[in-house]
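# Reading the structure
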Amino acid sequence: MNNQFFILLSVLVFGCQTNDNEEQANPNDPIIIHVDSCFDNADNGISVCLVSVTEDSRCPTGLVCVWAGDAVANFTIKTKNELNSFQLHTNNSFQTDTLLQGYRIKLLSISPYPSTDSQIDQKDYSAEILVAKE
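First things first, this report covers the structure right here in the doc. Along each chain, numbering runs from 1 in the same order as the chain's sequence is written. In keeping with the model being predicted, local features are shown solely for residues with a pLDDT of at least 70 and side-chain atom pairs are shown and tallied solely at 80 or more, while totals for entire chains, interfaces and linings include all residues. Note: side-chain values were computed over all heavy atoms of the structure, leaving out hydrogens and water.

### A short note on the pairing of strand 4 (residues 71-78)
Using the following cut-off: Three labels apply to residues, based on accessible area from a 1.4 Å probe with only protein chains included: buried if under 20% of the type maximum, exposed if over 50%, partly exposed otherwise in between. Where helices and strands are cited, they refer to DSSP runs of H or I of at least four residues and of E of at least two residues respectively, numbered from the N terminus. Here, strands pair whenever DSSP counts at least two bridges between them.
Judged by how many residues are buried, strand 4 sits mostly within the fold: 7 of 8 residues are covered. Examined bridge by bridge, strand 3 (residues 46-56) and strand 4 share 8 bridges and lie antiparallel to one another. Bridge pairing links aspartate 56 to alanine 71 in strand 4. Inspection of the sheet shows strand 4 paired to strand 5 (residues 83-89) by 7 bridges, in the antiparallel sense. By the bridge assignment, lysine 78 is partnered in strand 5 with leucine 83. Connecting strand 4 to the antiparallel partner strand 5 that follows it, the hairpin turn spans 4 residues.

### Focus on the state of the cysteines
Rule in force here: What counts as a disulfide here is a pair of cysteine sulfur atoms lying within 2.5 Å.
In total, this model carries 2 disulfides according to the counting rule given. Two residues share a disulfide in this structure: cysteine 38 and cysteine 49, whose sulfurs sit 1.9 Å from each other. Around the S-S axis, the bridge from cysteine 38 to cysteine 49 shows a dihedral of about 100° and counts as right-handed. Placement of the pair is cysteine 38 in strand 2 (residues 37-41) and cysteine 49 in strand 3, with a sequence separation of 11 residues. Through a disulfide, cysteine 59 is tied to cysteine 65; the S-S separation comes to 2.0 Å. Judged by the torsion about the S-S bond (80°), the cysteine 59/cysteine 65 disulfide is right-handed. Owing to a relative accessible area of 36%, cysteine 65 belongs among the partly exposed residues under this scheme.

### So, the sheet that holds strand 8 (residues 126-133)
What counts here: Axis definition: a line fitted to C-alpha atoms, over the contacting stretch in the case of helices. Angles run 0 to 180 degrees between N-to-C directions.
Ordered in space as 1-8-7-6, the 4 strands form an open sheet in which the pairing is antiparallel. With one partner strand each, in any of the chains shown, strand 1 (31-34) and strand 6 (97-100) form the two edges of the open sheet. When the angles between neighbouring strand axes are averaged without regard to direction, this sheet yields 35°. Summarising the sheet, strand 6 and strand 7 (residues 103-111) pair through 4 bridges and their orientation is antiparallel. The residue of strand 7 that forms the bridge with leucine 99 is arginine 104.

This is the structure:
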């Protein structure tokens, strides 16, 4: 009975943990990182961090807007020898991807999406990105 309880407890504790730093299983799999968090890939010695979302002029849910708007995410990328800062946009009229230190980083989306009835706190933002070695 004690062994079954220990196994069940282990599954619950270790099976329910989530981590922004999990390695990307497939280069085509999107990664979700939160503000002040990073995606780390120790095998390749790379770390991509979401620093902040500085602008969010996307058209709120439930409104009809003339322009779709844009959200701007600020990132850093660090490898063993370099640290670079960069910005990516959600609107395809602006830069949505970049090539730095041999990696292509593409912004797919920023969440949550704005609504008319609430303000988004900086800590609540997350970005969905793709990271691929070039």
